[in-house]
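Okay, here's what each chain looks like letter by letter:
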Amino acid sequence: MATYCLTVARLQEINQEVYNFLASAGAKYGVGFWKPGSGIIHQIILENYAYPGVMLIGTDSHTPNGGGLGCICIGVGGADAVDVMAGIPWELKCPNVIGVKLTGTLSGWTSPKDVILKVAGILTVKGGTGAIVEYHGPGVDSISCTGMATICNMGAEIGATTSVFPYNHRMRTYLEKTGREEIAAQANENQDLLVPDSGCHYDQIIEINLSELKPHINGPFTPDLAHPVSDIGSVAEKNGWPLDVKVGLIGSCTNSSYEDMGRAASLAKQALDKGLKCKAQFTVTPGSEQIRATIERDGYAKMLRDVGGVVLANACGPCIGQWDRRDVKKGEKNTIVTSFNRNFTARNDANPATHAFVTSPEIVTALAIAGTLKFNPETDFLTAPNGEKFKLLPPTGDELPARDFDPGQDTYQQPPADGSGLRVDVNPQSNRLQLLEPFDRWNGKDLEDLQVLIKVKGKCTTDHISAAGPWLKFRGHLDNISNNLLIGAVNTENDAVNKIRNYLTGEFGGVPDVARYYKKHNVSWVVVGDENYGEGSSREHAALEPRHLGGRAIIVKSFARIHETNLKKQGLLPLTFSNPADYDKICPDDKISIVGLKSFAPGKPLKAVIKHSDGSSETIELNHTFNETQSEWFQAGSALNRMKELQK
């Protein structure tokens, strides 16, 4: 098989200094450490920590996974988490509430994943921005607890602050099966506090009849391009998308529950009984050690291997680009289908020509067996080696294991009783770990003659701003990871990626190279962008890197919530055009002055003077969402700087 996988032992060897740092930091400050191989944090939270009614923040956009247990779990940037750990109040603009009323009952090929795929098609990638999505209605009871978690997890793809389900018997059973019987009993006693209030008002209502909902597949290149599975073959033919499915990938934090694996295994068994194996490559990523151990014990893992699958480590893996893919060349058009949550360009395999589609594990498995997008498992037949035509029966799978969960290996490191005398392990010579240095304070003046580093065209996610995959090994080293700054963004000047003009030399170069050149020559710069800038991961590096390399402001039509806050935390100015059409007034070779900073205040717009290369200029208005506390971050140079000032 051309898919290249590393063992957990090899990964521990490669990443030992990072794990030592995390373990030593946890020990010093009294925090436990889940060792490599434990699984994905959202799964760990659901299995061990989440409970109905808890409010929790986490430094990942898919933290809302906990909404499947009736939690208010919100994804934030790392600096927000630092505030909370330091005892500083965390703030959030009061969100709207979008109600999704579910009626009917899930059955057949339709799965919980199809609910959020349908909602993403309705609301788009920015339709949930500034809102909590609350699912309710009689249809809720037909969805498993882990199925609800899948729906909430992928709510990040519509920009939602978080998503939540009301407490019900499916959550109670999950709590009991995961050793939290006392919590289940308390939740039962207080159920009236864990469901929507009678007569409550929603800012928007969406209704979905689960009995009529069909299996969906979304993509390529964006998670809100929704299609019924029955239509995807003809849509792909019409658009020239590759029909052959090269790889099917199931698992990740979105869809790696016991139920998910069981339903996929039921299809694998049907194919094996007829003598068939997957035509496409097939990978399985368990979300936790508990899931891995349990599907091994109960035979699901063997079925998935026997049909042609490879069971990967308990980790994010290909979902975040940790995939050394070798079956296609970079630039070669191809199709993959996944049960992940995101399918941005080059997200999974660093190949911008890969057409990635997101769907349920069941549909991924069926398409991997058939090997083509033209296969509709509800109506189409497969051909066995003996020539027999047969249809796959709808998938089945137990919601929870009859013999309880197998916890697998104990991968949790308890903190010591007193770690105050311990040292956090960081080697000054490391190329993977680097202690942060404070950013410079605002000098009290307007920002004059900022060079436009890049005017970005179209979608610009945090993957475009700070690529994942192989770059993630530098997450602890700001200077090294800054070499991926905006290397995925499209430049309006030439429609090229990672090719911008250096206006000091006149030559073209990579975005981080030009940014470093400007910084070396004391030229501050600005990025200009389009709608929903910074959608996707909560990746704080996407804010740290521009600040580190000399950026002062990001001016766009609109921001994704987490990224806007991350920029503020690092002392940058995230600004939006009062008139979105003003985006067209800015040329790549312009210089921009941001004026009015001496009277910078909440609700008061700033002015931008655009200076064109022909000597002309024009002034536009820029909005911001800074409050009093956040404006102090800007003045101090960052939220961390301000925190240090307050300690004096």
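The rules behind these values
- Residues numbered from 1 in each chain as written.
- Predicted model: local features only at pLDDT ≥ 70, side-chain atom pairs only at ≥ 80, totals over all residues.
- Heavy atoms only, no water.
- Phe/Tyr/Trp six-rings, centres within 6.5 Å; stacked < 30°, edge-to-face > 60°.
- Helix = DSSP H or I, 4+ residues; strand = E, 2+ residues; numbered from the N terminus.
- Buried < 20%, exposed > 50% of the residue type's maximum accessible area, 1.4 Å probe, protein only.
- Lys NZ or Arg CZ within 6 Å of the ring centre and 35° of its normal.
- Pairing = 2+ DSSP bridges.
- Axes fitted to C-alpha atoms, helices over the stretch in contact; angles between N-to-C directions.
- Contact = heavy atoms within 4.5 Å.
- Domains from an automatic or database assignment.
- Buried area = accessible area lost by both parts, 1.4 Å probe.
- Salt bridge = Lys/Arg side-chain N within 4 Å of Asp/Glu carboxyl O.
- Polar contact = N/O pair within 3.5 Å; in protein donor to acceptor, adjacent residues only side chain to side chain.

**Q** Looking at this model, I keep getting lost on the packing of aromatic side chains. Mind explaining?
**A** What describes a pair of aromatic rings is the distance from one ring centre to the other and the angle between the planes of the rings. Summed over the entire model, instances satisfying the criterion amount to 11 aromatic pairs. Look at Tyr-533 and Phe-559: their rings are 6.1 Å apart centre to centre, the planes differ by 90°, and that puts the pair in the edge-to-face class. With Tyr-533 in the loop between strand S23 (525–528) and helix H17 (541–548) and Phe-559 in the loop between strand S24 (551–556) and helix H18 (561–569), the pair connects residues that are 26 residues apart, well separated along the chain. Of the two residues, Tyr-533 and Phe-559, neither departs from the other in class, the shared state being buried. Taking the centre distance of 6.4 Å and the plane angle of 90° together, the rings of Phe-577 and Tyr-583 count as edge-to-face. Note on accessibility: Phe-577 and Tyr-583 belong to one class, buried. Among the aromatic residues, those joined into a ring-pair cluster are Trp-442, Phe-600, Phe-626 and Phe-634. Across from the ring centre of Phe-390, 5.6 Å away, lies the NZ or CZ of Lys-274, which sits over that ring. The ring of Tyr-583 is capped by Lys-557, whose NZ or CZ atom sits 4.7 Å from the centre of that ring.

**Q** Can you walk me through the sheet that holds strand S28 (residues 617–623) in this structure?
**A** Neighbouring strands of a sheet are bound in pairs by backbone hydrogen bonds; such pairs are parallel or else antiparallel. Read once around its circumference, the closed barrel built from seven strands follows the order S18-S23-S24-S25-S28-S27-S26, with strand pairing classed as mixed. Neighbour-to-neighbour, the strand axes of this sheet turn through a mean angle of 40°, independent of strand direction. Alignment of S24 against strand S25 (residues 573–577), held across four bridges, turns out to be parallel. Within S25, the position partnered with Ile-555 by the bridge is Leu-575. Lying on the sheet, helix H16 (residues 511–520) is in contact with strand S18 (447–455) and S23; it crosses S18 at an angle near 165°.

**Q** I would appreciate a short explanation of the domain arrangement of the protein in the present structure.
**A** When the parts of a complex come together, some accessible area is lost, and that lost area is often used as the size of the interface. Entries for the protein in the domain assignment read domain 1 (38–213), domain 2 (226–376) and domain 3 (447–646). For domain 1 and domain 3, the distance between their C-alpha centroids amounts to 32 Å. Between domain 1 and domain 3, the residue contacts involve 20 residues of the former and 21 residues of the latter. Buried surface at the junction of domain 1 and domain 3, both sides included, amounts to about 1,500 Å², of which 50% is carbon and sulfur. At the junction of domain 1 and domain 3, the tally comes to three salt bridges. Lys-126 is paired through a salt bridge with Glu-531; the nearest N and O atoms lie 3.5 Å apart. At the boundary of domain 1 with domain 3, the tally comes to nine residue pairs in polar contact (both at pLDDT 80 or more).

**Q** Sorry if this is basic, but what is going on with unusual backbone geometry here?
**A** Note: most residues except glycine have negative phi, and most peptide bonds are trans. In this chain, Gly-219 is followed by Pro-220 through a cis amide linkage whose omega measures 5°. As for its placement among the helices and strands, Pro-220 is situated in the loop between strand S8 (216–218) and strand S9 (226–228). A positive phi angle is found at Leu-486, which is not glycine, with a value near 55°. Phi is positive for Asn-532, which is not a glycine, with a value near 55°. Relative to the assigned elements, Asn-532 resides in the loop between S23 and H17. On the accessibility criterion, Asn-532 (5% relative accessible area) is buried.

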